[in-house]
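# Observations on chain architecture
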Amino acid sequence: AEEPTTMRAFCYDRFGGPEVGYVGSVPKPGPPAKGEVLVKVHAASLNPVDYKQREGGLRIILGYGWPQIFGFDFSGVIVELGEGSGENDTGGFVVGDEVFGMVKGLRKGTVAEFCIVTADVCVKKPKNISHSEAASVPLVATTVVSSFAQSFFTDTDTPGPTATGPRVLILRGSGGIGTMAIQLSKQMYGASFVATTASESKTEELQKLGADKVVDYKTKDFVKELASDDDSQLFDFIIDGTGEANRCISLLRPRGKLVSLLASPSGDALQRWIAADPQPPQRHARTRMGVASFINSSLGEWLIDLTTGAGALKRKCKAKDGFYTHVIASGDSGTLCNVAALMAIGRVKACVQEVFPLSKAAEAMAVLEANHASGKIVIAMQD
């Protein structure tokens, strides 16, 4: 029988609101090039960056071909190796391996029946977790680990909190990144204390994941609640998942580190993101002519920091001998391997709120956009 040349995918062919997303038939990608693999996707997860790109949030710097397929995270089975790929090119993976991961750099397109990814973003899926659980993890875990790594924290040798570990604050603990950040703070970075913000109904769930203090942001101001004249009660590391980085500076200890995932993208963060995969295949977003060289210039970096407010945040943190950066995740199997190992021994768990079939992908996106998700929204391809 002939291989089908089309597949079903969740896509959009113009910028706009939720109404532009649809599930339709698109050409099946292939064949994979050297160093790439074709994955039959069993599950993919949605992230806020999916609807931000659909709204056209990055069109100043990125050019797109249509249709664009949603999705950065995947879990599935390798069905084809890139042409002429030896063992080294595909990381030792073989057809039939169950793998999960996140695409790198400017690539996307995982909410589809098939996707082509570079082998270096794939990790073998632990047997004790489902495809839906695995698909929920890569972007959020990579974002959290990148946040710690770029702030010069090193992971501990044994999982679990330590008395001398960092004090960590995570804004928006119940989201996809928040639930992973609480766990990895303790299990990978040995945090001695983790505080977070969430609605009261989520408190118990977040304490089970490892949060020591949960501030109800609906009834209390987290800055007042956590303020202290005693530096020992302030924070070594703050992850801003709400865009309130500016309000966090008073809560940093001297030499504390602040990372934002929403507010004030910095020139250096954009440089790292584009460098992860400088020339993705034509079907993906590409940087517009001249944009990459501008972002990589010292003038470009300075102008981006000036216009986004990253420069001001860097200066305010520096006044405390601290440090500010913005983090944009990119697929990385090394990072994910460590997280997969913690999942395999039950130290870290996937927090999935709901799994939707591909036919209901637009509904899944609506749940994510309403901002009510606690944990991740996953789409299962095999309806």
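Please refer to the structure higher up on the page.
Now for a quick tour of the structure.

A cluster of nonpolar side chains, contributed by F294, L299, W302 and L306, occupies part of the molecular surface with about 440 Å² of accessible area. The dominant element in the nonpolar patch, judged by the number of residues it contributes, is helix α10 (residues 298-308), at 3 residues. With respect to the helices and strands, the residue L306 is situated in helix α10. Of the residues examined, L306 reaches a relative accessible area of 53% and is grouped as exposed.

Now for unusual backbone geometry. In the segment running from G30 into P31, the intervening peptide bond is cis, with an omega of -10 degrees. In this fold, P31 is placed in the loop between β2 (21-27) and β3 (36-46). Here the residue pair W66 and P67 is connected by a cis peptide bond, since its omega of -10 degrees sits within 30 degrees of zero. Among the secondary structure elements, P67 is positioned in the loop between β4 (62-63) and β5 (68-69). In the Ramachandran plot, F152 falls in the positive-phi region, its phi being about 70 degrees despite a non-glycine side chain. Its location among the elements puts F152 in the loop between α3 (138-150) and β10 (167-170). Residue F152 is classed as exposed on the basis of its relative accessible area of 63%. You will see that D321, though not glycine, has its phi angle at about 60 degrees, which is positive.

Quick look at the environment of D230 now. With respect to the secondary-structure elements, D230 resides in the loop between α6 (222-226) and β13 (235-240). C-alpha separation for the pair D230 and R253, spaced 23 residues apart in sequence, amounts to 9.2 Å. A distance of 2.8 Å separates a polar atom in the side chain of D230 from a polar atom in the side chain of S232.

We now examine the sheet that holds β5. An order of β2-β1-β5 is seen for the 3 strands of this open sheet, with the pairing classed as antiparallel. The open sheet has two edge strands, β2 and β5, and neither has a second partner. Pairing geometry for strand β1 (residues 6-12) and β2, over 7 bridges, is antiparallel. Bridge pairing links T6 to P27 in β2.

Here we take up the nonpolar core. Counting 73 residues, the largest nonpolar core has V39, V111, V117, V137, L184 and I379 as the members making the most contacts within it. No other element matches α3, which puts 6 residues into this core. If we ignore the near neighbours within four places in the chain, the residues touching V137 are F100, M180, L336, V339, M343 and A350. Counting residues in hydrophobic clusters, the runner-up holds 20 residues, among them L171, F222, I249 and L252.

Moving on, we get to the packing of aromatic side chains. Counting across every chain of the model gives 10 aromatic pairs. Aromatic side chains F148 and F153 sit 5.7 Å apart centroid to centroid with 80 degrees between the ring planes, which places their arrangement in the edge-to-face category. For the pair formed by F148 and F153, the shared burial category is buried. Taken together, the ring pairs in this structure connect F10, Y12, F15, W66 and F70 into an aromatic cluster. The side chain of R167 reaches across the aromatic face of F235, ending 5.4 Å from its centre.

Both strand β11 (residues 193-198) and strand β12 (residues 213-216) contribute to a ladder of 4 bridges, which runs parallel. Bridge pairing links A198 to D216 in β12. Considered for its hand, the β-α-β crossover made up of β11, helix α5 (residues 203-209) and β12 is right-handed.

This part is about the sheet that holds strand β16 (residues 323-326). Ordered in space as β12-β11-β10-β13-β14-β16, the 6 strands form an open sheet in which the pairing is parallel. Whereas interior strands pair on both sides, the edge strands pair on one side only; in this sheet they are β12 and β16. Neighbour-to-neighbour, the strand axes of this sheet turn through a mean angle of 15 degrees, independent of strand direction. Judged from the 4 bridges that link them, strand β14 (residues 252-260) and β16 form a sheet pairing that is parallel. Within the sheet, the bridge partner assigned to K257 lies in β16 and is F323. Lying over the sheet, helix α4 (residues 176-187) contacts β10, β11 and β13, oriented at roughly 175 degrees with respect to β10. Most of the contacts of helix α11 (residues 310-318) go to β16, to which it runs at about 155 degrees, and overall it touches β14 and β16.

Calculation rules
Residues numbered from 1 in each chain as written. Predicted model: local features only at pLDDT ≥ 70, side-chain atom pairs only at ≥ 80, totals over all residues. Heavy atoms only, no water. Patch = residues over 30% accessible without salt bridge, like charges linked within 9 Å, V, L, I, M, F, W, Y side chains within 5 Å. Areas by Shrake-Rupley, 256 points an atom, 1.4 Å probe, with all protein chains shown as cover. Salt bridge = Lys/Arg side-chain N within 4 Å of Asp/Glu carboxyl O. Helix = DSSP H or I, 4+ residues; strand = E, 2+ residues; numbered from the N terminus. Buried < 20%, exposed > 50% of the residue type's maximum accessible area, 1.4 Å probe, protein only. Polar contact = N/O pair within 3.5 Å; in protein donor to acceptor, adjacent residues only side chain to side chain. Pairing = 2+ DSSP bridges. Core = buried A, V, L, I, M, F, W, Y, C linked by side-chain atoms within 4.5 Å. Contact = heavy atoms within 4.5 Å. Phe/Tyr/Trp six-rings, centres within 6.5 Å; stacked < 30°, edge-to-face > 60°. Lys NZ or Arg CZ within 6 Å of the ring centre and 35° of its normal. Right-handed = clockwise from strand over helix to strand, strands pointing away. Axes fitted to C-alpha atoms, helices over the stretch in contact; angles between N-to-C directions.

Take it as geometry only, folks, not as evidence of what the structure does.
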